[in-house]
Amino acid sequence: MDIKRKKELLKEWKNRRPEMGVISISCKPTGDLFLGISKDTRAEFNSNRFKLSVKLHSNKQLQELWDRYGENEFEYSVLEVLKYENLEDDQTENLLELLECCMIEMPNARRI
């Protein structure tokens, strides 16, 4: 790959607008539902899947379900997408507000 193409790809990556929002991981056999926030939903799912597969996830209840039922028995979804303008602005507070709304709507859900 030539230098010009590398620069183009780097510029595209820096200017990308990752999807931010509230994510859910649900265990199909039990109906257990776990919610969390993410500044990059795709990366967050990959991160959670990796931590669970190597038995290092911080949520012990989610880890136990994963160990018992296996990866194929879990569904991943984005519940709410945060609309934002500026990539540089910190969206943590807005994401937490979205999460709280989802937690109220789904009282049986737990935080990832």
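Look a little higher up for the structure.
Let me sum up the structure you'll find in this document. (Residues numbered from 1 in each chain as written. Predicted model: local features only at pLDDT ≥ 70, side-chain atom pairs only at ≥ 80, totals over all residues. Heavy atoms only, no water.)

The end-to-end C-alpha distance of helix α4 (residues 92-105), which contains 14 residues, comes to 20 Å, matching closely the 20 Å that a straight helix rising 1.5 Å per residue would cover. What α4 keeps buried is the set L95, L98, L99, C102 and M103. One face of α4 carries all of its buried residues, which in axial projection span an arc of 140°. α4 presents E93, E97 and I104 as exposed residues on the side facing more than 90 degrees away from its buried surface. Those residues of α4 hidden inside the fold are in contact with β1 (20-27), β2 (33-38), β3 (74-82) and β4 (110-111). (Helix = DSSP H or I, 4+ residues; strand = E, 2+ residues; numbered from the N terminus. Expected span 1.5 Å × (residues − 1). Buried < 20%, exposed > 50% of the residue type's maximum accessible area, 1.4 Å probe, protein only. Arc of directions from axis to C-beta. Contact = heavy atoms within 4.5 Å.)

Before going further, it helps to spend a moment on the pairing of β2. Most of β2 sits out of view: five of its six residues are buried. Summarising the sheet, β1 and β2 pair through six bridges and their orientation is antiparallel. Note that in β2 the partner of I23 across the bridge is G36. The turn linking β1 back onto β2 is made up of five residues, and G31 within it adopts a positive phi angle of 80°. (Pairing = 2+ DSSP bridges.)

Close contact between helix α2 (residues 41-53) and helix α3 (residues 60-69) brings their axes to 10 Å; oriented N to C, the two are set at 70°. Classified by the interaxial angle, the pair formed by α2 and α3 is roughly perpendicular. When you trace α2 past α3, the crossing you get is right-handed. Here R49, K51, L52 and S53 of α2 come into contact with α3, specifically with L62, Q63 and W66. For the contact of α2 with α3, the residue count by class is three nonpolar, two polar and two charged. (Axes fitted to C-alpha atoms, helices over the stretch in contact; angles between N-to-C directions. Parallel < 35°, antiparallel > 145°, perpendicular 65-115°, else oblique. Left-handed = near helix turned anticlockwise from the far one by under 90°. Nonpolar A, V, L, I, M, F, W, Y, C, P; charged D, E, K, R; others polar.)

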